[in-house]
Amino acid sequence: MRPVLRIPEWCKVAAKVVPIAALLLAGAIARPSSSQAGSQLERYLSPIEMVMSPHGRRLFVVCEGTDEVRVVDTQSARVVASVPVGHEPRGIVASSDGRQLYVTNSWTDNVSVIDAATLKVTATLRTGAEPTGIVLDRSGQMLYVANRLSDDISVIDVKTGHEIKRLLAGRGASYLALSPDGKWIYGTHIYPNAGTFQAQPKSEITVIDTARQVVVARRPLVNAAGVFHVALSADGKLGVATQLRPKNLIPLAHVEHGWVFGDSLSLFGADIDGTVQIPIDELDRYYSRPWGVAITPDKSRIFVTTSGSDSVSVIGVPKLMASVRARGHSITNDLSASADYVEARMPVGREPRGLLFSPDARRLYVVNRLDDNISVIDTNRNKVISTIDLGGPKTVNALRRGERTFYKSDYAFQGQFGCANCHLDATIDGLQWDLEPDGFGKDIVDNRLLEELSGTEPFKWNGGNPDLPTECGPRVEKYFFRSQSYSPEELTDLVTFVFSLRYRPNRERLPNGELTPAQERGKAIFERTKYKNKKAIPEGNQCAFCHNGPKYTNRQQLDVGTGKPTDRSPLIDVPQLSNVVYSGPFLHDGSAQSLEEIWTVFNPKDKHGVTNDLTKDELNDLIEYLKTL
């Protein structure tokens, strides 16, 4: 019989205290100031997309971090020129003859037109808000631009440079692809369309008839959110879109038992006769955030960048078709299925995004956003054969290290997801989540924008986390990722990066900083202290009392009547309101699908500001003002 090991009482106590002390110590060390973020002066290139000249001799690489297009000679693998464009460029397309390049500038809401011979910007074209993906129709006469913040697609006459119409797309319209016959454009979007509270997210592929410039179909993508690039096979019969399948309605306790995010592709077109979603994950390893996609000209393989896993997956199309036909739609959540059709996984650089083939398809170029370089893959051997340095800084500062931690998925159990899964491109995901630490089915939460967080503490919907090291550290590591803790240095870097995120431009404000008449009226309502009958409104019910200061929060926790029976407490942290218009859905649990619903549905007793004495027009004015904050 084995002797019983008796543990002294002090050891039992220590066993409980030490982990807590370690977490507190990590939090104490990881306390960078916002000024630390501002001191990081290196400007990294952050390349995200590219196109190739028709003869294959030049690559034009969009560098989001430095507002430029870098030109690479493919023979020498050297950068030969740089072209300044607008702020935060994201997408690029070339005319069929290669003479013109069109680059979307997401923060300046326009397109830079570049002469490919002189490498000069020759014109600037206005678009919708936050233009991202871009394609040119077969005739070369019409540009189509996906606008992420205005949720639409601009149609621009190239000859006049004027936008002739906007087409309604999915929320967060981001990427476009032209069919090989030129008849159709397929568009995707990164945020799910508005739906009902705690329902499965719904997305779509928006189909545009290029002859009439109208939307002719919206292919539904059920339980999909975060839909990225889309590609068509050369015969036009197979379409592929990269996407996430979030499991946001099931507590994160199931991290160890399955996926929190399924990484998958949506297949559509004549080859599929409908739409089928297929996983690219494995049973014990996930390939996080599939982003770029390309199909070989002979339709034998599909190449997919997985930005959170720093890799490229190769899918055999004949094997894929056989698996889909054999398994049918049950393939969607079957993580064993990928073994049927994934032929290779290739490590590349950090956070790979766009990819494209050389003209003969013997090479695949993959742009690595967080390494400032391009991986060159031999497509016959499925092997990285070289790396093109785009000339970014050679030192890696705290901001860059933190950014890499933010986007990397390896910290999570089996590499399932990273911070960037819920905060797509450091924004939001538009979903409500059941986070198990609060209890199963309890405290459903909506995630907030990460812009300019300094000075808005505490964090979490109930103000339970006093600072960002606590919010990003123990909460994420232990409860979300089910993994080892960040080192103090990693946590400091991560917090430094998050603190560095700036406000995106607010498009609801007039350029001169003045307010429209409606916004002025809304401001007066926001700041009013009396009911219409001249009776004083209690301070706690005045909008500007709780939402005050430079970021419109008094940093308190209050009962404003929006708590739900499933919440452990009715006290809600007062959120900052800057750029609130871009953070929907709204309220702490995402139950309000619009700003209007906050007061028309969830404020029956005037506990969340006095609004029930407002007319419809007055409420509209209030909302118009809130959009400007």
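See above for the structure.
Residues numbered from 1 in each chain as written. Predicted model: local features only at pLDDT ≥ 70, side-chain atom pairs only at ≥ 80, totals over all residues. Heavy atoms only, no water.

What follows covers the overall build of the chain. Across its full length, the chain carries 13 helices and 32 strands. The C-alpha radius of gyration computed for the chain amounts to 25 Å, which stays within 12% of the reference 25 Å derived for 629 residues, consistent with globular compactness. For the chain, the spread of C-alpha atoms along the three principal axes comes to 85 × 70 × 50 Å. Within the chain, counting contacts between residues at least 6 apart in sequence, those at least 24 apart form 53% of the total. (Helix = DSSP H or I, 4+ residues; strand = E, 2+ residues; numbered from the N terminus. Rg over C-alpha atoms; globule rule 2.2 N^0.38 Å. Contact = heavy atoms within 4.5 Å.)

Our focus in this paragraph is the layout of surface pockets. Empty space among the atoms becomes apparent when a probe as large as a water molecule is rolled across them. Empty space within the largest pocket amounts to approximately 1,600 Å³. Taken together, 46 residues line the largest pocket, and the ones lying closest to its centre are V51, V93, V135, L178 and L356. Breaking the lining of the largest pocket down by element, the ones donating at least two residues are β1 (47-52), β5 (89-94), β9 (131-136), β13 (173-178), β17 (225-232), β21 (290-295) and β25 (352-357). (1 Å grid on protein atoms, 1.4 Å probe; cavity = no way out; pocket = protein on both sides within 12 Å on 5 of 7 lines; lining within 4 Å. Points joined across faces, edges and corners; volume = space filled by probe spheres on them.)

Under the defined criterion, the tally for this structure stands at 4 cavities of 30 Å³ or more. Approximately 40 Å³ is the volume found for the second largest cavity. Partitioned by chemical class, the residues of the lining of the second largest cavity number 2 nonpolar, 1 polar and 5 charged. (Nonpolar A, V, L, I, M, F, W, Y, C, P; charged D, E, K, R; others polar.)

Strand order in the open sheet formed by 4 strands is β1-β2-β3-β4, with antiparallel pairing between adjacent strands. Of all strands in the sheet, those with a lone pairing partner are β1 and β4 (78-84), marking the two edges. Averaged over neighbouring strand pairs, the angle between their axes works out to 25° when direction is ignored. For β1 and strand β2 (residues 58-63), the ladder comprises 5 bridges, and the chain directions are antiparallel. Each residue of the ladder has a partner; that of P47, found in β2, is C63. (Pairing = 2+ DSSP bridges. Axes fitted to C-alpha atoms, helices over the stretch in contact; angles between N-to-C directions.)

The next thing to look at is the nonpolar core. In globular proteins that are soluble, nonpolar side chains generally tend to be buried together. Within the largest apolar cluster, 51 residues are counted, with the highest numbers of intra-cluster contacts made by F406, W433, L468, F481 and Y486. The biggest single contributor to this core is helix α9 (residues 488-500), with 6 residues. Setting aside residues up to four positions removed in sequence, F481 forms contacts with V255, Y411, A412, F413, F417, G418, C419, V476 and Y486. (Core = buried A, V, L, I, M, F, W, Y, C linked by side-chain atoms within 4.5 Å. Buried < 20%, exposed > 50% of the residue type's maximum accessible area, 1.4 Å probe, protein only.)

Moving on: the pairing of strand β14 (residues 184-189). Among the 6 residues that make up β14, 5 are buried, leaving the element largely enclosed by the rest of the structure. Taking the residues between adjacent antiparallel strands as the criterion, β13 and β14 are bridged by 5 residues, where G182 takes a positive phi near 80°. Pairing geometry for β14 and strand β15 (residues 202-209), over 4 bridges, is antiparallel. Looking across to β15, one finds that G187 is bridged to T206.

This paragraph deals with the pairing of strand β23 (residues 311-316). The two faces of the sheet receive side chains in turn, since in a regular strand these alternate between them. The buried fraction of β23 is high, at 6 of 6 residues. Residues S311, S313 and I315 of β23 are buried on one face, and the alternating residues V312, V314 and G316, pointing to the opposite face, are buried as well. The sheet contact formed by strand β22 (residues 301-306) and β23 spans 6 bridges and is antiparallel. Residue R301 lies in a different strand from β23, and its bridge partner there is G316. What sits between β22 and β23 in their antiparallel hairpin is a turn of 4 residues, with D310 showing a positive phi close to 55°.

Time to look at the packing of helix α5 (residues 398-407) against α9. For the pair α5 and α9, the least separation of the axes is 7 Å and the interaxial angle reads 95°. Taken together, the axis directions place α5 and α9 in an arrangement best described as roughly perpendicular. Residues A398, L399, R401, G402, E403, T405, F406 and Y407 of α5 pack against D493, L494, T496, F497, V498 and S500 of α9. Taken together, the residues that form the contact of α5 with α9 break down as 7 nonpolar, 4 polar and 3 charged. (Parallel < 35°, antiparallel > 145°, perpendicular 65-115°, else oblique.)

For the rest of this paragraph, the subject is the sheet that holds strand β19 (residues 261-269). Read from one edge to the other, the open sheet built from 4 strands follows the order β17-β18-β19-β20, with strand pairing classed as antiparallel. Either end of the sheet is taken by a strand with one partner, and the two such strands are β17 and β20 (274-279). When the angles between neighbouring strand axes are averaged without regard to direction, this sheet yields 25°. Summarising the sheet, β19 and β20 pair through 6 bridges and their orientation is antiparallel.

What follows deals with unusual backbone geometry. Each neighbour pair has its own omega, and for E457 with P458 the value is 5°, a cis peptide bond. Residue placement: P458 occurs in the loop between β30 (445-446) and α7 (468-472). Cis geometry marks the peptide bond from G584 to P585; its omega dihedral reads 0°. In this fold, P585 is placed in the loop between β32 (572-573) and α12 (595-600). Not every positive phi belongs to a glycine, and N382 is a case in point at roughly 50°. Position of N382 among the secondary structure elements: in the loop between β27 (373-378) and β28 (383-389). In this structure, Q414 takes a positive phi of about 60° despite not being glycine.

Moving on to the packing of aromatic side chains. Tallying each qualifying case throughout the model produces 11 aromatic pairs. Consider the rings of F303 and F357, whose centres lie 5.7 Å apart with planes at 80°: the pair is edge-to-face. Placement of the pair is F303 in strand β22 and F357 in strand β25, with a sequence separation of 54 residues. Judged by relative accessible area, which is 0%, F303 ranks as buried. On the basis of an interplanar angle of 65° and a centroid distance of 5.2 Å, the ring pair of F406 and Y407 is categorised as edge-to-face. Relative accessible area serves as the criterion here: at 2%, F406 is assigned to the buried category. Through pairs of rings, three or more aromatic residues link up here, namely F261, F417, W433 and F481. Taking the ring centre of Y287 as reference, the NZ or CZ of R345 above it sits at 3.5 Å. Directly above the aromatic system of Y407 lies the positively charged group of R369, at a separation of 4.6 Å from the ring centroid. (Phe/Tyr/Trp six-rings, centres within 6.5 Å; stacked < 30°, edge-to-face > 60°. Lys NZ or Arg CZ within 6 Å of the ring centre and 35° of its normal.)

This part is about the packing of helix α10 (residues 517-527) against helix α13 (residues 616-626). Relative placement of two packed helices is described by the angle separating their axes and the distance separating the axes. Between α10 and α13, whose axes approach to 7 Å, the crossing angle comes to 95°. Regarding the angle of α10 to α13, the classification is roughly perpendicular. Only E618, D621, L622, E624, Y625 and L626 of α13 make contact with α10, whose side of the interface consists of A518, Q519, R521, G522, K523, I525, F526 and E527. Taken together, the residues that form the contact of α10 with α13 break down as 6 nonpolar, 2 polar and 6 charged.

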